[in-house]
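Fold and geometry: a report
Listed below, chain by chain, are the residues.
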Amino acid sequence: MMPLVCEIIAVGTELLLGSIANTDAQDISQGLAEAGIHCYFHTTVGDNPARLSQALAVARERADIIITTGGLGPTIDDLTKQTVCEAFGVPLELHEGTWERILSFFRRIGKPVTENNRRQAMVPVGGVVFENDWGTAPGCGFQAGDTHIYMLPGPPKECRPMFANCLLPLLKSLTGATILSRNIKVFGMGESAVEDMLRPLMEKSSNPTLAPYAKEGEVTLRVTASAQSNEEAFRLTEPIVAEVLALLGGAAYGVDVDSLESVVLELLEANGVRLAAAESCTGGLVSAKLTAIPGASRFFLGGVVAYGRQVKENVLGVPEDLINKCGMVSGEVALAMARGVCKLTGAEIGLGLTGLAGPGGDGSNVPVGTVCIALFDARDRSHKEVTRNFGDERGRVRTMASLTALDMVRRHLNMI
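Residues numbered from 1 in each chain as written. Predicted model: local features only at pLDDT ≥ 70, side-chain atom pairs only at ≥ 80, totals over all residues. Heavy atoms only, no water.

**Thoughts on the overall build of the chain**
Put simply, the rule reads: Under the DSSP-based scheme used, a helix requires at least four consecutive residues in state H or I and a strand at least two consecutive residues in state E, with every element numbered from the N terminus. Only C-alpha atoms enter the radius of gyration, while the globule expectation follows 2.2 Å times N to the 0.38, with N the number of residues. Throughout, exposure labels follow a simple rule: accessible area from a 1.4 Å probe, protein chains only, divided by the maximum for the residue type, with under 20% read as buried, over 50% as exposed, and the rest as partly exposed. For this analysis, residues touch if any pair of their heavy atoms sits within 4.5 Å. Note on areas: Shrake-Rupley, 1.4 Å probe, and residue coverage restricted to the protein chains presented here. Counted charges follow a simple rule, with Lys and Arg positive, Asp and Glu negative, and His plus the chain ends left uncounted. Where a charge sits is defined by one atom per residue type, namely NZ (Lys), CZ (Arg), CG (Asp) or CD (Glu).
When helices and strands are counted, the chain shows 14 helices and 17 strands. The C-alpha radius of gyration computed for the chain amounts to 28 Å, which surpasses the reference 22 Å derived for 416 residues by more than 25%, pointing to a less compact arrangement than a globule. The dimensions of the chain, computed from C-alpha atoms along their principal axes, are 85 × 55 × 40 Å. Burial statistics for the chain: of 416 residues in total, 48% are counted as buried. Sequence-distant contacts in the chain: of pairs separated by 6 or more residues, those separated by 24 or more amount to 68%. Counting only carbon and sulfur atoms, one obtains 52% of the accessible surface of the chain, whose full area is about 19,100 Å². Averaging the positions of the 37 positive and the 47 negative side-chain charges in the chain gives two centres separated by 5 Å.

Given below as structure tokens:
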């Protein structure tokens, strides 16, 4: 059986204006993969019947399933149902059960029902109706020839649960298959280097497939398999996942993990040690990443934002003569900060970060973008220091510095 192809059409002028983000398409795409359905196109159109009709005409030529979001409300610009049904030659009729639910809703909130609310209870003749337990506008759908068309409300708090509880089970019954993806997270190698190393494996892989996706500072390698069950798809991914991990070595920090900071916290727990951070140029970004995870306080004791020289000296105990001799952006000062935060908090492992994030210089010979990072292990007084230059864009410098510091902890605890 050939895999089914779906196109998502989001309806709403506010999406085109950038007033809101199209999170519906993301949620639905993830569910389609779970159902074994390929999503090749996301289309967005405004509240305009002519342009929506054009989008539908294109979609029916290239997709087996069309899912629309938005335009099911009671106002004059909510024209999705009328336009979709006209495009496929399917009439609308009043759905008594839905109309009664709408009447009950307005009685419950003590507001009068207006005639335009009745439009929300109009559904395609002979189609399926998805009752809306999260709002008023029902979802609905029908089949026209070989094409399945489903319409969902636009607000994410309605669209997400309606898709998961009503439409997704129906879609799974159409396919009897699943698509499963495994994500290998990589730090310390750029996308081009990763792709060059893995290109032969990517070219020979068909099911599963292997593809890289980059974001700032990291690369995700997605291994995707199609099978009749999640268990079978998982088994298909295992050999490629193992081969990729062997090729990447320590650059791969996890498979199907949330983030680098979540891996660091797991390693801290596994090793029974606690971490603290002393940050200058990153301004507490390392601490923010760790404390965004619930339960982090068990193994992350805290941090000091030692932005000024006085805080480095008076709070962390960095010697004045060391700063005079080496400069504030130096490996020596970063290490003294790491030692100082361990002494201050009682943590077994300390991080020290100091650098010049830019865009301007500080009058020294230190190039903009230079960051010195040190790790100190109070258990055996061992330490590691690195100096990197992350360019002249302030946000990138801070992000890369914080991730590099976290990766130092990961590698240290893994003894990489």
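**Digging into the sheet that holds strand β12 (residues 252–255)**
Here is the rule: In this scheme, strands are said to pair when DSSP sees at least two bridges between them. Lines fitted to the C-alpha atoms define the axes, with helices restricted to the stretch that makes contact. Angles between their N-to-C directions range from 0 to 180 degrees.
The sheet built from four strands is open, its strands ordered β10-β11-β9-β12 with antiparallel pairing. Both edges of this open sheet fall to β10 (209–215) and β12, since each of them pairs with a single strand only. Adjacent strand axes in the sheet meet at a mean angle of 25°, parallel and antiparallel pairs treated alike. Across 10 bridges, strand β9 (residues 178–187) lies against strand β11 (residues 218–227) in antiparallel orientation.

**Comments concerning the pattern of salt bridges**
Here is the rule we go by: Any Lys or Arg side-chain nitrogen found within 4 Å of a carboxyl oxygen on Asp or Glu counts as a salt bridge.
The full count for this structure, using the stated rule, is 16 salt bridges. Across the pair Arg-107 and Glu-100 runs a salt bridge whose closest N-O atoms are separated by 2.8 Å. Between Glu-348 and Arg-274 there is a salt bridge whose closest N-O contact spans 2.9 Å. Of the two residues, Glu-348 is situated in the loop between α13 (331–345) and β15 (349–355) and Arg-274 in the loop between α9 (260–271) and β13 (275–279); the sequence distance between them amounts to 74 residues. Look at Arg-274 and you get partly exposed, because its relative accessible area is 29%.

**Things to note about unusual backbone geometry**
With an omega dihedral of 15°, the bond running from Asn-207 to Pro-208 counts as a cis peptide bond. With respect to the helices, strands and loops of the structure, Pro-208 is situated in the loop between α7 (191–204) and β10. In this structure, Asp-256 takes a positive phi of about 55° despite not being glycine. Here Asp-256 is to be found in the loop between β12 and α9.

**What to know about the nonpolar core**
Definition in use: Only buried residues count toward a nonpolar core, which is a set of Ala, Val, Leu, Ile, Met, Phe, Trp, Tyr and Cys residues joined through side-chain atoms within 4.5 Å.
By size, the foremost hydrophobic cluster in this structure holds 35 residues, and its most contacted members are Leu-268, Leu-275, Val-286, Leu-290, Leu-351 and Val-409. For this core, the secondary-structure elements that each account for two or more residues are α9, β13, α10 (285–291), β15, β16 (370–377) and α14 (394–414).

**With respect to helix α8 (residues 230–248)**
What counts is decided by this rule: Each helix should span, by expectation, one fewer than its residue count multiplied by 1.5 Å.
With 19 residues, α8 should reach 27 Å at 1.5 Å per residue; the first-to-last C-alpha distance of 26 Å fits that figure. Where the residues of α8 are buried, they touch β9, α7, β10, β11 and β12. Positioned one or two residues after α8, Gly-249 has a phi angle of 60°, which is positive.

**Observations concerning helix α4 (residues 80–88)**
Among all positions in α4, only Thr-80, Lys-81, Thr-83, Val-84, Cys-85 and Phe-88 are buried. Among the residues trailing α4, Gly-89 stands out with phi positive, at a value near 70°.

**Examining the state of the cysteines**
Quick reminder of the rule: We call a pair of cysteine sulfur atoms a disulfide when they lie within 2.5 Å.
Under the definition given, this model contains zero disulfides. Here Cys-6 stays unpaired: no disulfide links it, and the sulfur of Cys-39, its closest cysteine neighbor, is 5.3 Å away. Left without a disulfide partner, Cys-326 is nearest to the cysteine sulfur of Cys-372, which lies 10 Å away. On the accessibility criterion, Cys-326 (26% relative accessible area) is partly exposed.

**Observations regarding the packing of aromatic side chains**
Going by this rule: Stacked, tilted and edge-to-face pairs are distinguished by plane angle, under 30 degrees for stacked and over 60 for edge-to-face with tilted covering the rest, among Phe, Tyr and Trp rings (Trp via its six-membered ring) whose centres lie within 6.5 Å. Any Lys NZ or Arg CZ that is within 6 Å of a ring centre and within 35 degrees of that ring's normal is treated as a charge sitting over the ring.
Overall, the coordinates contain three aromatic pairs when judged by the stated rule. An angle of 85° between the planes, with centres 5.4 Å apart, marks the rings of Phe-105 and Phe-106 as edge-to-face. One Lys or Arg, Arg-62, reaches over the ring of Phe-41 and ends 3.6 Å from the middle of that ring.

**Some remarks on the sheet that holds β13**
One open sheet holds the five strands; their spatial order is β14-β13-β15-β16-β17, and the pairing between them is mixed. The sheet terminates laterally at β14 (300–305) and β17 (382–389), the two strands that pair on one side only. Sheet twist, expressed as the mean angle between neighbouring strand axes with direction ignored, is 10°. Sheet topology places β13 next to β15; five bridges connect them, and they run parallel. Bridging across to β15, Ala-277 finds its partner in Leu-351.

**Examining the environment of Gln-54**
Here Gln-54 lies in helix α3 (residues 49–62). Between the C-alpha atoms of Gln-54 and Arg-379, which are 325 residues apart in sequence, the distance is 68 Å.

**Structural notes on the side chain of Thr-80**
One can find Thr-80 in helix α4. Thr-80 gets classed as buried once you look at its relative accessible area, which sits at 0%. If sequence neighbours within four positions are ignored, Thr-80 has contacts with Val-11, Leu-52, Thr-68, Gly-70, Gly-71, Leu-72 and Met-151.

**Quick look at the packing of α7 against α8**
Short version of the rule: In what follows, roughly perpendicular refers to angles from 65 to 115 degrees, roughly parallel to angles under 35, roughly antiparallel to angles over 145, and oblique to any angle outside these ranges. Working rule for handedness: look at the near helix, and if it is turned counterclockwise from the far one by less than a right angle, call the crossing left-handed; if clockwise, right-handed. In this classification, the charged set is Asp, Glu, Lys and Arg, the nonpolar set is Ala, Val, Leu, Ile, Met, Phe, Trp, Tyr, Cys and Pro, and all remaining amino acids, among them Gly, are polar.
Contact geometry of α7 with α8 gives a least axis separation of 10 Å together with a crossing angle of 165°. One finds that α7 runs roughly antiparallel with respect to α8. Judged by the sense of rotation from one axis to the other, the crossing of α7 with α8 is right-handed. In contact with Met-197, Leu-198, Leu-201 and Lys-204 of α7, α8 contributes Ile-240, Glu-243, Val-244, Leu-247 and Leu-248. The residue makeup of the contact of α7 with α8, split by class, is seven nonpolar, no polar and two charged.

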